[in-house]
Amino acid sequence: MGDSTGLRLSALAIVALSLVGALTARLWVLTAVEGESAIEAAEANRIRTIHIQAPRGRIFDTNRMILVDNQQVRQLRVDTRTVDETVEYDEDARNEVYTRLAEALTLAGVATEDDPCPDCETPSEPWELEDVTTALEENFIGAFIPTPIADDVPEELEIAIAERQQEFPGIDIERVAVRHYPHGSLAAHVLGYVGRLTEEELEREDVAESPKPYAPTDEIGKTGIEASYEPWLRGVPGERVIEVDAEGDIVREVSYDPPQPGFDVVLDLDLRVQALLENQLTATAEANDAPGAAAVVMDPRDGGIVAMASYPTYNPQDFVDGLSTEEYAALTADDSGFPLSNKAISGVYAPGSTFKPVT
């Protein structure tokens, strides 16, 4: 009897020692081997970093006349977290909020993304619940950043939203800087346009290794000067670091580094000569029923480009809010004359009379 009890106690002691040994080994692994990564993971769950895009530099002509600027507009944004918390994550209640928002946007005369006439005084298509939810999905930036769904909304809507916050929880209107082309299509091919980064652009070496880090929601120069001088025109992004609790609610702001605007660029281009050249080129092309035309004016002293025009042309301002499928199709159709192509530098032409002296 005594031997049996002693054997059981010995077995129990071995099991206990094995468990303590296993716990000690695991504790050593967590502290000595995986300690640093565990701390980083815990910190990542507690700290959130919010990327803030910086205003781009301006573009001037040789006489310091503004060619491209940044314009303050009213941007309607939706904080989906606040909406969900206010309606206690009830889908029907959430949809009621978004339906009220759609009705307010329609009454304010704000055009939907797919409206065939976005610049008309009265939009041809009213906002629906689906338009709001689609805009939220397509423009989602992050859980802690309000999602923009409409730009350049009227002041009347801003006042209405502010006065009826109980009906529009988590919805506000903020003044933001967007690219502005004050002369419309003038010098469009020279200046180019900006647009949101694509996955391919994010993987480019100059973007991935840029000292001014890009976020997937940032804009980048797509063509013309906007693209060629991207490293200078692009500003230094800002950064807001916040601390959140276990439920993801903001506890406090840890730090804030404001964004720094990009550098301004001055061109050899003369806006007055550019306007004369484009008017003459358009008149000549239309008189001869030409599908396309191009012209360049250079300074013979230093080779500076005083004016450069390509016909037909486009308005870079249309790209600021994004083109609809129909608008892009019209610009790239076979009978469009390919207005997005700068025929002055990308066209392939026979040498013509300028080559005769050689022969």
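Everything discussed here concerns the structure shown above.
Residues numbered from 1 in each chain as written. Predicted model: local features only at pLDDT ≥ 70, side-chain atom pairs only at ≥ 80, totals over all residues. Heavy atoms only, no water.

## Here's the deal with the sheet that holds strand 9 (residues 250-257)
Phase 1 of the analysis: Read from one edge of the open sheet, three strands run 1-8-9, paired in antiparallel fashion. Edge positions in the sheet fall to strand 1 (47-52) and strand 9, since each has one partner strand and no second. Looking at each pair of strands side by side, their axes are set apart by 25° on average, direction ignored.
Phase 2 of the analysis: Pairing geometry for strand 8 (residues 238-244) and strand 9, over six bridges, is antiparallel. (Pairing = 2+ DSSP bridges. Helix = DSSP H or I, 4+ residues; strand = E, 2+ residues; numbered from the N terminus. Axes fitted to C-alpha atoms, helices over the stretch in contact; angles between N-to-C directions.)

## Notes on the pattern of salt bridges
Opposite charge on two side chains makes pairing possible when the charged atoms of those side chains draw close.
Phase 1 of the analysis: One pass over the structure, following the stated rule, counts 19 salt bridges.
Phase 2 of the analysis: For the salt bridge of glutamate 174 with arginine 77, the shortest nitrogen-to-oxygen distance reads 2.7 Å. Here glutamate 174, found in strand 5 (residues 171-180), pairs with arginine 77, found in strand 3 (residues 66-78); they are 97 residues apart in sequence, far enough to count as distant.
Phase 3 of the analysis: Residue glutamate 174 is classed as partly exposed on the basis of its relative accessible area of 32%.
Phase 4 of the analysis: Residue arginine 77 is classed as buried on the basis of its relative accessible area, which comes to 14%.
Phase 5 of the analysis: The salt bridge partner of glutamate 167 is arginine 164, with a shortest N-O separation of 2.8 Å.
Phase 6 of the analysis: Glutamate 167 gets classed as partly exposed once you look at its relative accessible area, which sits at 31%.
Phase 7 of the analysis: The exposure class assigned to arginine 164 is partly exposed, which follows from its relative accessible area of 37%. (Salt bridge = Lys/Arg side-chain N within 4 Å of Asp/Glu carboxyl O. Buried < 20%, exposed > 50% of the residue type's maximum accessible area, 1.4 Å probe, protein only.)

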